[in-house]
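Residues per chain are reported as follows:
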Amino acid sequence: GAAFGLRKGDRSRVIDTPDGFYVFTVLDRIPADSAAFVKDKDQLTSQFVRMARQDRLRQYIAALRASAKVKDARADVQRTNAQAEADAAAQQATKPKR
């Protein structure tokens, strides 16, 4: 990157990104602690894997919701036995007799 090649006190050229323009000034440089990274690498890896899985699951669920065909059957489910019997009797009454 543009900032990592600079020395303390240097200023980068103008960097044009989709989010806007940036200019970096290096105020200080702190050497990387590779021992700390190695120590935390497994934890970081599992954290990133977990985040990637969650993101894929969110995308999968969003795709399922987008393609779902939902039928509102609450009226049928919430009917009481008495209502169901009354409807059956009404249908029976409207059928022609042989």
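Just above, that's the structure.
A brief report on the enclosed structure follows. (Residues numbered from 1 in each chain as written. Predicted model: local features only at pLDDT ≥ 70, side-chain atom pairs only at ≥ 80, totals over all residues. Heavy atoms only, no water.)

### A word on the overall build of the protein
The test is simple: Each helix is a run of DSSP H or I of at least 4 residues and each strand a run of E of at least 2, with the numbering of both proceeding from the N terminus. We call a residue buried when its accessible area falls under 20% of the maximum for its residue type, exposed when it is over 50%, and partly exposed in between, using a 1.4 Å probe and counting protein chains only. Contacts are residue-level and defined by heavy atoms, with any inter-residue pair within 4.5 Å sufficient. Where accessible areas are quoted, they stem from the Shrake-Rupley method and a 1.4 Å probe; at the residue level, only the protein chains shown are allowed to cover. Only four residue types enter the tally: Lys and Arg on the positive side, Asp and Glu on the negative side, with His and both chain ends excluded. To locate a charge, take atom NZ for lysine, CZ for arginine, CG for aspartate or CD for glutamate.
Looking only at helices and strands, the protein features 3 helices and 2 strands. Its helices and strands taken in sequence order, the protein reads β-β-α-α-α from the N to the C terminus. Taken along the three principal axes of its C-alpha coordinates, the protein extends 100 × 35 × 20 Å. The buried share of the protein, taken over its 98 residues, is 4%. Taking the intrachain contacts of the protein between residues at least 6 apart in sequence as the baseline, contacts between residues at least 24 apart amount to 6%. Here the protein has roughly 9600 Å² of accessible surface; of this, 55% comes from carbon and sulfur atoms. For the protein, the distance from the average position of its 19 positive side-chain charges to the average position of its 12 negative side-chain charges is 6 Å.

### Remarks on the pattern of salt bridges
Heads up, the rule is: For this analysis, a salt bridge means a side-chain nitrogen from Lys or Arg found within 4 Å of a carboxyl oxygen belonging to Asp or Glu.
Under the criterion given, the structure shown has 3 salt bridges. A salt bridge links K8 to D28; its shortest N-O distance comes to 3.8 Å. Linking K8 in the segment before β1 (15-17) with D28 in the loop between β2 (20-22) and α1 (34-67), this pair joins segments that are 20 residues apart in sequence. R74 is the salt-bridge partner of D72, the closest N and O atoms lying 2.8 Å from each other. The residues D72 and R74 share a single accessibility class, namely exposed.

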